[in-house]
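Summary of structural features
Each chain is listed here by its residues.
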Amino acid sequence: MKLIQFIVSQTSINRRMAAQMIKEGAVKVGSNIIEDMNYEFKPGNEKVVIDRKAIRYKKNFYYYKFNKPSNVICSFDDPRNRRTIKAFMAGVPEQIFAVGRLDRNTKGLLLFTNDGNFSNRVQHPSYSISKEYRVTLDKPITKRHFQRLTNGLILEDGPVSYSKAILMDDNMLEVTLSEGRNRIVRRTFEFFGYKVKGLKRLAIGPVKLGVLKEGCFKELTKLE
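Presented here is a report on the structure given in the accompanying data block. Computed from a predicted model, the values in this text were never measured in an experiment.

We now examine the overall build of the protein chain. For the protein chain, the helix and strand inventory stands at five helices and 15 strands. When its C-alpha atoms are laid out on the principal axes, the protein chain stretches across 65 × 40 × 35 Å. Counting every position in the protein chain, which comprises 224 residues, the buried fraction comes to 46%. Accessible surface computed for the protein chain: about 12700 Å², of which carbon and sulfur atoms make up 47%.

Now the structure itself:
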């Protein structure tokens, strides 16, 4: 788990204050002062001390899904004062954080938790967790380009292949892939010469967006 995630999940300290305390050298992991809020360690294996007070690790984990609207930043603060996910978090535990990101104009499913191990499993490529998206293009997709989605193509940062592609309309399709490289879906269609007019994530693994209203959180069920 990242150090800042640990502090927010295990104390009443909010994210901004935790970042400031780390920068000021008020946090130790073991016997070492850590000034990197993205420092990763295994909670329970190493003692965390904040202002000379040891923080005991408690496994009170929360798991939520969120339907992200368009034109929202996947962060808690933005120096340019753009709308962030923090505006929607009333009523949910403050210590949860987003599992991965969606770009500003992409809508749909985001997972939130305070469980660093769960977050890692969802995001790490070795676990091959599928992500499903609905894509709307500026013009009808050709048969050749549609076939290449599942046959594979090579972008500037390596090959990509979609495990499933379903044509919903001439210029709308649903695609599934098991990786999360930055803007991977948008870059795929830009590679073919299309402009993505709309992008919405519908599912992460077995967790579906379903009928969850835009801008709303919902705690995951035990089955999810």
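Burial of strand S8 (residues 131–137) is extensive: five of the seven residues sit out of reach of the surface. Summarising the sheet, S8 and strand S12 (residues 172–177) pair through six bridges and their orientation is antiparallel. Residue pairing across strands places lysine 131 opposite leucine 177, the latter belonging to S12. In this sheet, strand S13 (residues 196–204) lies alongside S8 in antiparallel orientation, the contact comprising seven bridges. Bridge pairing in S13 places threonine 136 opposite glycine 198.

All told, the structure shown has 10 aromatic pairs when counted by the stated rule. Measuring from ring centre to ring centre gives 6.4 Å for tyrosine 39 and phenylalanine 41, while their planes differ by 20°; the resulting arrangement is stacked. Measuring from centroid to centroid gives 6.3 Å for tyrosine 64 and phenylalanine 217, while their planes differ by 80°, and the two rings are edge-to-face. Of the two residues, tyrosine 64 sits in strand S5 (residues 63–68) while phenylalanine 217 sits in strand S15 (residues 217–219), which places them 153 residues apart along the sequence.

Let's shift gears to the environment of leucine 173. You can see leucine 173 is positioned in strand S12. Its relative accessible area of 0% is what places leucine 173 among the buried residues. Leucine 173 sits 88 residues away from isoleucine 85 along the chain, and the two C-alpha atoms are 27 Å apart. Each residue touching leucine 173, except ones within four places of it in the same chain, is listed here: Tyr133, Arg134, Val135, Leu137, Ile141, Phe146, Leu149, Ile166, Leu167, Met168 and Phe189.

Turning our attention to the sheet that holds strand S1 (residues 27–29). Spatially, the four strands line up as an open sheet ordered S2-S1-S3-S4, and their pairing is antiparallel. Here the strands that pair on one side only, and so sit at the sheet edges, are strand S2 (32–33) and strand S4 (53–55). Two strands pair when backbone bridges link them, and S1 and strand S3 (residues 48–50) are joined in this way by three bridges, in the antiparallel orientation. Following the sheet pairing, valine 27 is matched in S3 by isoleucine 50.

Definitions and limits used
Residues numbered from 1 in each chain as written. Predicted model: local features only at pLDDT ≥ 70, side-chain atom pairs only at ≥ 80, totals over all residues. Heavy atoms only, no water. Helix = DSSP H or I, 4+ residues; strand = E, 2+ residues; numbered from the N terminus. Buried < 20%, exposed > 50% of the residue type's maximum accessible area, 1.4 Å probe, protein only. Areas by Shrake-Rupley, 256 points an atom, 1.4 Å probe, with all protein chains shown as cover. Pairing = 2+ DSSP bridges. Phe/Tyr/Trp six-rings, centres within 6.5 Å; stacked < 30°, edge-to-face > 60°. Contact = heavy atoms within 4.5 Å.

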